[in-house]
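# Survey of secondary and tertiary structure
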Amino acid sequence: MLPADLNIEKEAARVVALKHYLAKGGVLHIAPAENAWPKLLYPTKMHLRKKIDETRSLYNQYDTRLVSWQKKFNGAKSYHKVNNFKKLKEPLYWKHLAKCAVDKDYKADSAKVSLPVHLVADSRWKPMVKTFVSDIDYRKQLVQTVNESIVYKKNKKVAQYADLLQKFRMEQSNRKIDELKKRLVALDQDINAMQELARWASF
């Protein structure tokens, strides 16, 4: 028979909360009550509210981490698009294009190594591009290295590392995002269960 002080929806919520709380190793102390659910003596409202506050604090920490990892994922995903835009503001990029237009040998060498001129706005790649543009000895040495080195046997792209790095960052970010989302769902369930128990608790 349904307890007089509860409707079906409230009873279902309490049963779900109880199952969740007990499955997580929680301890209950109850006392009989007439025509109603037993009285919940422990955990007390004060204890539950303290645990709810602690869990919310942890939830907020994980939520902050989630936002951070989502930013990292978006940064890696848009890396090439952003740099393709930024390169237009770099004089070195235009110097490269001008040199390609008047120097066939330079243009050929640039193509052989897939010169990452689109990354000229990135401080990690700008020095290499700058040296390639201005130093013919460096340029020829780089072409020879790309042609002969086992490192470039399968991929003649001198900046292949940039692609691999962004791919790695996206994969790593995705793993962290999935992990944090699962933790947030679990913490949210903990909070909901404790809130329901707090409504039931006698004192």
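Up top you'll find the structure we're talking about.
So, how was this worked out
- Note that residues are indexed from 1 along each chain, following the sequence as it is written.
- Totals for whole chains, interfaces and linings use every residue, but because this is a predicted model, local features are given only for residues with pLDDT of at least 70 and side-chain atom pairs only at 80 or more, for both listing and counting.
- Only hydrogens and water are set aside; all other atoms, that is, all heavy atoms of the structure, feed into the side-chain values.
- Helical segments are the DSSP runs of H or I of at least four residues, strand segments are the runs of E of at least two, and each set is numbered from the N terminus.
- Think of a polar contact as two N or O atoms within 3.5 Å of one another; within protein, one of them needs to be a possible hydrogen donor and the other a possible acceptor, and neighboring residues in sequence only count if both atoms come from side chains.
- Only heavy atoms enter the contact rule, under which two residues are in contact if any of them lie within 4.5 Å.
- Categorising residues by exposure relies on relative accessible area from a 1.4 Å probe, with only protein chains included: less than 20% of the type maximum marks a residue as buried, more than 50% marks it as exposed, and the intermediate range marks it as partly exposed.
- An arc is given here, and it is the one of the directions from the helix axis to the C-beta atoms.
- Here, nonpolar core means buried Ala, Val, Leu, Ile, Met, Phe, Trp, Tyr and Cys residues that are tied together by side-chain atoms lying within 4.5 Å of each other.
- Between the rings of Phe, Tyr and Trp (Trp by its six-membered ring), a pair exists once the centres lie within 6.5 Å; its type follows the angle of the planes, with under 30 degrees stacked, over 60 edge-to-face, and the other angles tilted.
- Geometrically, a charge over a ring is one whose NZ (Lys) or CZ (Arg) sits within 6 Å of the ring centre while staying within 35 degrees of the ring normal.
- Expected helix span is taken as 1.5 Å per residue step, with the number of steps being one fewer than the number of residues.
- Note on geometry: axes are C-alpha line fits, over the in-contact stretch for helices, and angles between N-to-C directions span 0 to 180 degrees.
- For this classification, under 35 degrees means roughly parallel, over 145 means roughly antiparallel, 65 to 115 means roughly perpendicular, and everything else is oblique.
- By convention, the crossing between two helices is left-handed when the near helix turns anticlockwise from the far helix through less than a right angle, and right-handed when the turn is clockwise.
- Only Asp, Glu, Lys and Arg are considered charged, only Ala, Val, Leu, Ile, Met, Phe, Trp, Tyr, Cys and Pro nonpolar, and every remaining residue, Gly among them, polar.

Bringing the side chain of threonine 44 into the picture now. Within the secondary structure layout, threonine 44 lies in the loop between strand 2 (39–42) and helix 2 (45–77). At a separation of 3.1 Å, a polar atom in the side chain of threonine 44 contacts the main-chain amide nitrogen of histidine 47. When near neighbours in sequence (up to four residues on either side) are disregarded, threonine 44 contacts Ala201 and Phe203.

The next point concerns helix 6 (residues 126–134). For helix 6, the complete set of buried residues consists of Met128, Val129, Phe132 and Val133. The arc that holds every buried residue of helix 6, seen down its axis, measures 130 degrees, which confines them to one face. Exposed residues pointing more than 90 degrees away from the buried face of helix 6 are listed as Lys130 and Ser134. Contacts made by the buried residues of helix 6 are with helix 4 (91–102), helix 5 (104–112) and helix 7 (136–148).

A few words now on unusual backbone geometry. Look at the link from tyrosine 42 to proline 43: it is a cis peptide, with omega at 5 degrees. Here proline 43 is to be found in the loop between strand 2 and helix 2. Of note, serine 114 is a non-glycine position whose phi angle comes to about 50 degrees, a positive value. Summarising the element assignment, serine 114 is placed in the loop between helix 5 and helix 6.

Of all hydrophobic cores here, the largest spans 21 residues; its most connected members are Val113, Leu115, Trp125, Val129, Leu142 and Val158. Listed by contribution, the elements that provide at least two residues to this core are helix 4, helix 6 and helix 7. Among the elements that take part in this core, helix 6 stands out by supplying four residues, more than any other. With sequence-adjacent residues up to four places away left out, leucine 115 is seen in contact with His96, Tyr106, Ser110, Met128, Val129, Phe132 and Val158. Core analysis: the second largest hydrophobic core is formed by 12 residues, Tyr21, Trp37, Leu197 and Trp200 among them.

Counted by the stated rule, this structure contains three aromatic pairs. Seen from their ring centres, tryptophan 37 and tryptophan 200 are 5.4 Å apart, and the 85 degrees between their planes marks the pair as edge-to-face. Taken as a pair, tryptophan 37 in the loop between strand 1 (29–31) and strand 2 and tryptophan 200 in helix 8 (residues 160–200) lie far apart in primary sequence, 163 residues in all. Tryptophan 200 matches tryptophan 37 in its accessibility class, with the two residues each being buried. Its guanidinium or amino end placed over the ring of tryptophan 37, arginine 14 lies 5.3 Å from that ring's centre, counting from NZ or CZ.

All right, on to helix 1 (residues 8–23) then. The periodicity of an α-helix, 3.6 residues per turn, causes residues three or four positions apart to be oriented the same way. Between its first and last C-alpha, helix 1 extends 22 Å over 16 residues, near the 22 Å set by a 1.5 Å rise per residue. Along helix 1, the residues that are buried comprise Arg14, Ala17, Leu18 and Tyr21. Take helix 1 and look down its axis: the buried residues cluster within an arc of 105 degrees, on one side only. Exposed and facing more than 90 degrees away from the buried side of helix 1 are Ile8, Glu9, Val16, Lys19 and Ala23. On its buried face, helix 1 sits against helix 8. In the stretch just after helix 1, glycine 25 is the one whose phi turns positive, near 90 degrees.

By the secondary structure assignment, alanine 193 is in helix 8. The exposure class assigned to alanine 193 is buried, which follows from its relative accessible area of 5%. In the structure, alanine 193 is positioned 142 residues away from lysine 51 in sequence and 11 Å away in space, judged by C-alpha atoms. If sequence neighbours within four positions are ignored, alanine 193 has contacts with Ala17 and His20.

In this section: the packing of helix 6 against helix 7. The N-to-C vectors of helix 6 and helix 7 enclose an angle of 110 degrees; their axes lie 6 Å apart at closest approach. Considering their axes alone, helix 6 and helix 7 lie roughly perpendicular with respect to each other. Of the two elements, helix 6 crosses helix 7, and the hand of that crossing is left-handed. Residues Met128, Thr131, Phe132 and Ser134 of helix 6 form the contact with helix 7, whose own contacting residues are Ile136, Tyr138, Arg139 and Leu142. Partitioned by chemical class, the residues of the contact of helix 6 with helix 7 number five nonpolar, two polar and one charged.

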